[in-house]
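Working through the structure, step by step
The lines below spell out each chain.
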Amino acid sequence: MGKLDETRLGNIQIMHRMALTFCLFFASPAMASADCPEGQRQIEHLAGTTCVVKQPQRIVTLHSLSLSISVYELGGGDRLVGEFGWAPDGEELLVQPTTRYHTSLAYEDGRFEGIGWMDFEKIASLEPDLILGRDWELDYFDQLSAIAPTVMIDVHTSIPEISAQVAEAIGERDAQKQLHARFLDRAAEVKAALVMPQNIDVAFVTSIDFDDLLVAQRFHALSGAMDHLGITPAPAVVEFLEQVFGEGTRRHRAPISLERIEVIDADLLLLPYWVNSIDQNARLDDFDHQDGVSLVKDRMEDLIPGYCAFLKVCQAGQTIIFEGTPTYTPTYSGLMAGLDFIEDEIVGHDIKQIVLDLDFLGNFCAD
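Residues numbered from 1 in each chain as written. Predicted model: local features only at pLDDT ≥ 70, side-chain atom pairs only at ≥ 80, totals over all residues. Heavy atoms only, no water.

Helices and strands together make up the secondary structure of the protein, namely 16 helices and 14 strands. Going through the 367 residues of the protein one by one, you find that 50% of them count as buried. Considering only contacts in the protein between residues 6 or more positions apart, those separated by 24 or more positions represent 67%. Looking at the protein as shown, the accessible area adds up to about 17,200 Å², and 49% of this sits on carbon and sulfur atoms. (Helix = DSSP H or I, 4+ residues; strand = E, 2+ residues; numbered from the N terminus. Buried < 20%, exposed > 50% of the residue type's maximum accessible area, 1.4 Å probe, protein only. Contact = heavy atoms within 4.5 Å. Areas by Shrake-Rupley, 256 points an atom, 1.4 Å probe, with all protein chains shown as cover.)

Here it is in structure tokens:
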């Protein structure tokens with residue numbers, strides 16, 4: 001995080017959240033532009049207040065996953081001129097997130113230049129009229145603002161709120177509202193078809209690309225979609241992470257040992273993998289999902305021999321192995337992919353609530 005510690009960052013976020021909400025959803029155009037030159041708008045964000053032209057034409061973003069893809073999704077992709085994240089430093093790149101993130105967005109016509117980490121000279125050479133950063137880059141706000149109007153996006157919030165912040169900055173509020181309305185309609189459709197007990201919870205376990213088994217309470221946009229349908233993080237997982245990192249932690253995953261494996265016995269156990277972990281050159285559309293399933297099962301057996309024999313969620317058939325790419329981006333495309341996943345993998349199944357048998361698990365671990 002650089003020089004900015006989590007405490008200071010948390011205080012900044014709390015101080016600005018109400019102002020952000022007001023400006024994004026309630027302020028009139030006249031109010032929002034009162035202190036800016038003609039043709040500009042006043043944007044409230046994590047670092048304060050910035051005047052931005054009504055519709056920026058040369059946008060630089062400082063993160064591909066949470067910012068660039070949102071710009072494209074909102075219809076501003078042809079105005080993106082530079083990015084830190086995807087393009088190699090100093091090279092022009094035909095935008096390629098469709099390969100990595102498997103979205104349905106039309107990226108094919110977009111081109112931007114790669115920027116090295118905080119290469120202020122390169123950023124200035126692109127002559128941006130807007131720079132989008134995150135709370136991680138707050139330490140560099142003054143230097144970036146000397147180049148062009150800079151807006152710092154709070155990415156530690158819900159996907160609709162992230163999108164609303166980006167939309168406000170690039171002048172695409174109507175597009176964001178349309179995306180949100182479509183998402184709500186689709187969520188209502190999936191929820192109506194979802195038959196399950198109340199208080200269904202979920203745990204995520206990652207075993208690929210890591211030496212240890214990692215338990216997580218959330219998985220990117222998939223969890224955002226689940227939030228709308230009443231599928232919540234398993235309380236045991238939340239409690240475990242707070243024991244590891246402290247109460248109220250924003251960190252969402254941690255290694256877990258066999259002695260604490262009971263926390264993953266949620267109502268649903270989801271095990272993600274990534275195509276790129278198996279083959280760096282593989283395309284998701286051409287990949288055989290069963291290869292991923294076999295890889296995850298083999299890895300789970302390596303880390304926890306006989307894991308399915310003592311996890312009730314596994315015995316109940318409520319364990320799902322899935323490729324995580326489509327539901328990874330913090331965008332409406334990610335949310336919609338999450339709803340598709342829920343419709344395909346959960347709707348129509350008789351989901352039973354799992355009651356932890358701590359005595360049984362304790363005896364297993366002792367053996």
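Alright, that's what it looks like, and here's the rest.
Once that is clear, we can look at the pattern of salt bridges. A full pass over the atoms with the stated rule returns eight salt bridges. Residue Arg79 is joined to Glu172 by a salt bridge in which the shortest nitrogen-to-oxygen separation is 2.8 Å. Taken together, the residues Arg79 in the loop between helix H3 (64–73) and strand S4 (80–83) and Glu172 in the loop between helix H7 (159–170) and helix H8 (173–193) connect sequence positions 93 residues apart. Here Arg79 matches Glu172 in class, with each residue buried. A salt bridge links Asp340 to Arg186, with the shortest nitrogen-to-oxygen separation between them at 2.9 Å. (Salt bridge = Lys/Arg side-chain N within 4 Å of Asp/Glu carboxyl O.)

A few words on the nonpolar core. For soluble globular proteins, the rule of thumb is that nonpolar side chains tend to be buried together. Core analysis: the largest hydrophobic core is formed by 49 residues, its most contacted members being Leu132, Phe204, Leu222, Met226, Leu270, Ile342 and Ile346. Sort the elements by how many residues they give to this core and H7 lands first, with six residues. In this structure, Leu213, Ile261, Val263 and Ile304 belong to the second largest nonpolar core, which totals 30 residues. (Core = buried A, V, L, I, M, F, W, Y, C linked by side-chain atoms within 4.5 Å.)

For Glu127, which is not glycine, the phi torsion reads 50° and is therefore positive. By the element assignment, Glu127 lies in the loop between helix H5 (120–125) and strand S7 (130–134). On the basis of relative accessible area, Glu127 is assigned to the exposed category, the value being 60%. The backbone phi angle of His220 is positive, close to 50°, even though this residue is not glycine.

Before going further, it helps to examine the state of the cysteines. Here the structure, examined in full by the defined rule, presents two disulfides. Paired through a disulfide, Cys36 and Cys51 show a sulfur-sulfur distance of 2.1 Å. Every disulfide takes its handedness from the sign of the S-S torsion; for Cys36 and Cys51 that torsion is -85°, giving left-handed. One end of the pair, Cys36, is in the loop between helix H2 (29–32) and strand S1 (40–45); the other, Cys51, is in strand S2 (residues 48–53), and 15 residues separate them in sequence. (Disulfide = S-S within 2.5 Å.)

On to the pairing of strand S14 (residues 319–323), then. The buried fraction of S14 amounts to four of the five residues, a majority that puts the element mostly inside the structure. Here strand S13 (residues 268–273) runs beside S14; their pairing, made up of five bridges, is parallel. The residue bridging Leu269 from the neighbouring strand is Thr319, located in S14. (Pairing = 2+ DSSP bridges.)

Moving on: H8. In this model, H8 (21 residues) spans 31 Å end to end at C-alpha, consistent with the 30 Å of a helix rising 1.5 Å per residue. Those residues of H8 not exposed but buried are Ala175, Gln176, Leu179, Phe183, Arg186, Ala187 and Val190. The arc that holds every buried residue of H8, seen down its axis, measures 105°, which confines them to one face. Within H8, the exposed residues directed more than 90 degrees away from the buried face are Asp174, Asp185 and Ala192. Buried-residue contacts for H8 involve H3, H7, helix H9 (220–229) and helix H15 (332–345). (Expected span 1.5 Å × (residues − 1). Arc of directions from axis to C-beta.)

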